[in-house]
Amino acid sequence: MIRNCNILLRRAVNRSTLISRRYLSSEAILDRIKQDGLLCESSIIDGEEVYGSNTFAVQDPATGGVIGTSPDLSVDSLDQAIGSSLAAFKTFKRVPGSERSDMLTRWRNLILEYADDLAGLITFENGKPFNEAKGEVMYAASFLSWFAGEATRIYGDMIQPMSNSTVRTITMLQPIGVVGVITPWNFPAAMITRKVAAAIAAGCTAVVKPDSETPFTALALGQLALRAGIPPGVLNIVTTKSSLAEMGKMLCEDPRVRKISFTGSTAVGGLLMKQSSSGLKKLSLELGGNAPFIVFEDADIDQAVSAAIACKFRGSGQTCVCANRIYVAAQVYDEFVDKLTQAVRTFVVGNGFADGVTHGPLIHERAIAKVERHVQDAVALGGRVLVGGSRATGHASELFFQPTVIRDATNKMLITHEETFGPVAGIFKFSSEQDAIDAANDSTVGLASYVMTKDLSRAFRVAEQLDFGMVGLNTGLISDAAVPFGGVKQSGFGREGSKYGIHEYLTVKAVSVGGVVY
Ligand code: NAP
């Protein structure tokens with residue numbers, strides 16, 4: 001069933017009545033989101049709301065309650081979405097960069113206007129505390145500002161020093177075409193804008209398959225994109241649950257789709273790469289991490305503890321750049337462990353809408369079971385739990401885990417080799433700089449890494465030797481629209497954000513001009 005979006009009418013809500021969500025119940029927040037037309041229970045194809053005959057329920061991990069349903073669409077709908085994106089591309093690629101920039105700016109402004117609604121949706125679907133969700137909305141909006149700037153600065157080159165003196169070459173940077181975008185649940189807004197803003201800035205069109213745990217944030221962004229005047233077909237959003245594998249395959253194999261941009265697990269990234277090989281499709285893969293966090297004996301320990309908290313426990317440990325292995329020099333091991341443990345004791349676990357809550361639930365039972373397995377394995381192998389260590393009880397759902405610190409971690413433990421993706425900090429001891437570097441690099445993945453030291457020479461020496469796409473020196477926060485985000489090894493390839501991000505969506509065409517004679 002297809003219905004007209006009728007979206008502009010929904011802006012009738014008086015924004016001046018916006019009030020702080022901190023003092024509203026989650027039911028009142030949901031009512032506000034509905035009033036604003038941002039609880040979208042349809043997919044968006046060619047600017048239309050598309051409802052399927054089948055649906056799947058989207059649950060609040062903090063309560064287990066159903067927030068709403070999304071269409072469980074089939075590959076026929078994906079086929080329609082790809083067709084719509086291809087048709088839109090034929091005209092959109094010729095829209096001047098300045099106009100694409102204006103569209104992105106208008107979209108950003110609407111995201112900021114409805115930031116509370118979007119943050120509410122993120123808290124409902126993902127569980128992260130409302131303030132943290134609001135931070136994600138700002139982060140998501142920052143990619144629109146960034147790429148609105150980039151859209152007006154897509155420069156080719158003129159190459160004169162050719163081997164043939166009568167020839168000059170001009171390079172043209174052109175949009176690659178229709179992009180297939182697949183995103184995860186842990187940043188339901190930012191993972192979409194980081195990709196789609198770059199694609200639109202370049203003149204591409206996109207078909208997005210959002211995570212089935214968090215489709216509502218994606219669809220609200222899609223609604224706001226339409227309200228911002230981004231033409232139908234430029235951003236199609238297709239939801240599914242039962243046709244996931246077929247849709248993934250179709251996006252990879254369909255020749256109308258010229259590029260895949262994926263953020264998610266290394267396993268699924270590998271599958272998409274294999275499926276894309278027959279058509280030699282261009283890929284950007286932002287995959288799993290297993291970040292080392294190295295604290296040297298000369299570090300400012302308080303600063304190191306704050307940085308560890310920022311990058312280990314954000315999103316209850318469910319970010320790809322989370323510190324997963326914390327290596328601390330023997331001389332400062334006890335001090336660091338004590339201070340981290342004290343800080344973790346102050347965390348408040350609960351429903352992300354409740355005042356004072358610092359850490360929400362994990363996303364689903366599989367996630368919490370993995371965390372439990374990692375803790376039990378560490379304890380069996382000699383790790384000592386200083387705080388936490390088990391599920392947090394007394395909440396409305398079973399998905400809460402106590403923030404946990406484990407000392408005496410060793411490289412035999414699962415936490416060394418697998419991404420825990422949960423609020424568990426395993427702390428390892430090292431005795432030399434080289435040991436720390438070798439341990440950090442002993443991983444099949446290489447996304448983020450962190451180094452805490454006051455020694456400038458050591459900072460560069462270690463940063464240069466770490467096999468990771470990103471290094472945080474004396475900081476636990478490395479994500480920014482200005483930073484080239486991405487990994488090496490099995491963390492994938494491609495860079496998002498920064499001056500490099502837009503090039504993932506452009507091809508270089510060389511136009512050689514002959515007959516230049518003096
Ligand atoms: P996941 O299972 O790989 O899911 C990510 C997305 O891929 C979801 O939309 C999922 O759909 C979809 N998907 C799953 N199987 C598919 C298939 N056969 N074909 C097409 N799409 C498919 O990842 P996750 O475990 O939910 O997310 C966490 C992972 O993402 C972690 O490893 C984390 O490190 C990584 N991550 C990386 C970055 C980065 O920038 N490098 C950022 C965030 C997260 P459904 O929702 O329907 O299952």
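Residues numbered from 1 in each chain as written. Predicted model: local features only at pLDDT ≥ 70, side-chain atom pairs only at ≥ 80, totals over all residues. Heavy atoms only, no water.

Chemist: Could you give an account of the overall build of the chain, naming the residues involved and the relevant values?
Modeler: What the chain contains, in helices and strands, is 15 helices and 23 strands. Over its C-alpha atoms the chain spans a radius of gyration of 24 Å, differing by no more than 12% from the 24 Å that the globule rule assigns to 518 residues. Overall size of the chain, expressed as C-alpha extent along the three principal axes, is 70 × 65 × 45 Å. When contacts within the chain are restricted to residue pairs at least 6 apart in sequence, long-range pairs at least 24 apart make up 74% of them. Carbon and sulfur atoms make up 54% of the accessible area of the chain, which totals about 20000 Å². The chain carries 50 positive and 52 negative side-chain charges, and their two centres are separated by 5 Å. (Helix = DSSP H or I, 4+ residues; strand = E, 2+ residues; numbered from the N terminus. Rg over C-alpha atoms; globule rule 2.2 N^0.38 Å. Contact = heavy atoms within 4.5 Å. Areas by Shrake-Rupley, 256 points an atom, 1.4 Å probe, with all protein chains shown as cover. Lys, Arg positive; Asp, Glu negative; His and termini not counted. Charge placed at Lys NZ, Arg CZ, Asp CG, Glu CD.)

Chemist: How would you sum up the nonpolar core? Please name residues and give values.
Modeler: Ranked by size, the top nonpolar core spans 73 residues in total, and within it Leu104, Trp107, Ile111, Phe147, Ile200 and Leu224 carry the most contacts. When sequence neighbours within four positions are dropped, the list of residues in contact with Trp107 reads Leu144, Val196, Ile200, Leu221, Leu224, Ala225, Ala228, Ile230 and Leu235. Membership of the second largest hydrophobic core comes to 64 residues, among which are Leu399, Phe428, Val451 and Met470. (Core = buried A, V, L, I, M, F, W, Y, C linked by side-chain atoms within 4.5 Å. Buried < 20%, exposed > 50% of the residue type's maximum accessible area, 1.4 Å probe, protein only.)

Chemist: Just give me the short version of the layout of surface pockets, but keep the residues and values in it.
Modeler: The space that makes up the largest pocket amounts to roughly 1300 Å³. Residue lining of the largest pocket: 50 residues in total, with Trp185, Gly264, Ser265, Thr266 and Val268 positioned closest to the centre. Breaking the lining of the largest pocket down by element, the ones donating at least two residues are helix H6 (190-202), helix H8 (244-253), strand E11 (257-263), helix H9 (266-276), helix H12 (365-380) and helix H13 (414-417). At six residues, H9 tops the list of elements feeding residues into the lining of the largest pocket. Residues that form the lining of the largest pocket fall into these classes: 18 nonpolar, 20 polar and twelve charged. Lining the lining of the largest pocket are residues from two domains, each supplying at least three of them: domain 1 (2-7 + 18-286) and domain 2 (291-480). (1 Å grid on protein atoms, 1.4 Å probe; cavity = no way out; pocket = protein on both sides within 12 Å on 5 of 7 lines; lining within 4 Å. Points joined across faces, edges and corners; volume = space filled by probe spheres on them. Nonpolar A, V, L, I, M, F, W, Y, C, P; charged D, E, K, R; others polar. Domains from an automatic or database assignment.)

Chemist: So what about the confidence of the model for the chain? Which residues, and what values?
Modeler: Across the chain, pLDDT averages 95, with 95% of residues at or above 70. This model gives residues 1-23 a pLDDT under 50, and the stretch forms 57 contacts once residues within four places in sequence are excluded. (pLDDT = per-residue confidence, 0-100.)

Chemist: Tell me about the sheet that holds strand E6 (residues 158-159), residues and numbers included.
Modeler: Taken together, the three strands give an open sheet; going across it, the order is E6-E7-E23, and neighbouring strands pair in antiparallel fashion. Each of the sheet's edge strands pairs with one partner strand only, and the pair in question is E6 and strand E23 (506-513). Bridge count for strand E7 (residues 168-175) against E23 is eight bridges, and the pairing is antiparallel. Its bridge partner lying in E23, Arg168 is registered against Val513. (Pairing = 2+ DSSP bridges.)

Chemist: Tell me about the packing of aromatic side chains, residues and numbers included.
Modeler: One pass over the structure, following the stated rule, counts eight aromatic pairs. A centroid spacing of 4.6 Å and a plane angle of 55° characterise the contact between Phe124 and Phe353, whose relative ring orientation is tilted. Remark: Phe353 occurs in the loop between helix H11 (333-345) and H12 and Phe124 occurs in helix H4 (residues 115-126); sequence separation between them is 229 residues. Neither Phe124 nor Phe353 differs from the other in exposure class; each is buried. (Phe/Tyr/Trp six-rings, centres within 6.5 Å; stacked < 30°, edge-to-face > 60°.)

Chemist: Requested: an account of the environment of Ala199, with residues and values cited.
Modeler: Positionally, Ala199 belongs in helix H6. Considering only alpha carbons, one finds Ala199 and Val178, 21 residues apart in sequence, at a separation of 8.9 Å.

Chemist: Please provide a residue-by-residue account of the pattern of salt bridges, values included.
Modeler: Enumeration according to the criterion identifies 20 salt bridges in this entry. A salt bridge links Glu496 to Lys195; the nearest nitrogen and oxygen atoms lie 2.8 Å apart. Here Glu496 is found in the loop between strand E22 (492-493) and E23, whereas its partner Lys195 is found in helix H6, with 301 residues between them in sequence. This pair shows no difference in class: Glu496 is buried, exactly as Lys195 is. Among the ionic contacts, a cluster of salt bridges with common partners joins Glu297, Asp298, Glu433, Arg458 and Arg461. (Salt bridge = Lys/Arg side-chain N within 4 Å of Asp/Glu carboxyl O.)

Chemist: Tell me about the side chain of Ser212, residues and numbers included.
Modeler: Positionally, Ser212 belongs in the loop between strand E9 (205-209) and helix H7 (215-227). For Ser212, a relative accessible area of 17% translates into the label buried. What Ser212 contacts, discounting residues up to four positions off in sequence, is Phe56, Val58, Thr240 and Lys241.

Chemist: Mind laying out the site of the ligand, listing which residues take part and the relevant values?
Modeler: The full set close to the ligand counts 29 residues, and Thr183, Trp185, Asp211, Ser265 and Glu419 are the nearest of them. Glu419 places a polar side-chain atom, nitrogen or oxygen, 2.6 Å from an oxygen atom of the ligand. Considering the ligand on its own, with 920 Å² of exposed area, one finds that the protein chains cover 86% of that surface. Taking a 2 Å distance to the grid points as the criterion, the majority of the atoms of the ligand fall inside the largest pocket. Put simply, the parts of the chain that give the shell around the ligand at least two residues each are H6, H8, E11 and H9. In terms of residues, the shell around the ligand owes the most to one element, H9, which gives three residues. Residues that form the shell around the ligand fall into these classes: 15 nonpolar, nine polar and five charged. Residue-level mapping places the shell around the ligand at the junction of two domains, with at least three residues from each of domain 1 (2-7 + 18-286) and domain 2 (291-480). (Near = heavy atom within 4 Å. Polar contact = N/O pair within 3.5 Å; in protein donor to acceptor, adjacent residues only side chain to side chain. Sits in = over half its atoms within 2 Å of the grid points.)

Chemist: Could you give me a rundown of empty space enclosed by the protein, with the residues and numbers involved?
Modeler: Summed over the entire model, instances satisfying the criterion amount to two cavities of 30 Å³ or more. Approximately 70 Å³ is the volume found for the largest cavity. Along its surface, the largest cavity is lined by Tyr139, Phe187, Met191, Arg194, Arg314, Cys320, Val321, Ser479 and Phe485. In this structure, the lining of the largest cavity is formed jointly by two domains, domain 1 (2-7 + 18-286) and domain 2 (291-480), each of which donates at least three residues. Empty space within the second largest cavity amounts to approximately 40 Å³. In terms of lining, the second largest cavity is formed by Gly289, Asn290, Ala291, Lys312, Gly317, Thr319, Cys320, Cys322, Asn324, Glu419 and Phe421.

Chemist: Can you break down a positive patch on the surface residue by residue, with the values?
Modeler: A surface patch of positive charge is lined by Lys90, Lys93, Arg94 and Lys509. Tracing the sequence through the fold places Lys93 in the loop between helix H2 (75-92) and helix H3 (97-113). Among the residues examined, Lys93 registers a relative accessible area of 36% and is labelled partly exposed. (Patch = residues over 30% accessible without salt bridge, like charges linked within 9 Å, V, L, I, M, F, W, Y side chains within 5 Å.)

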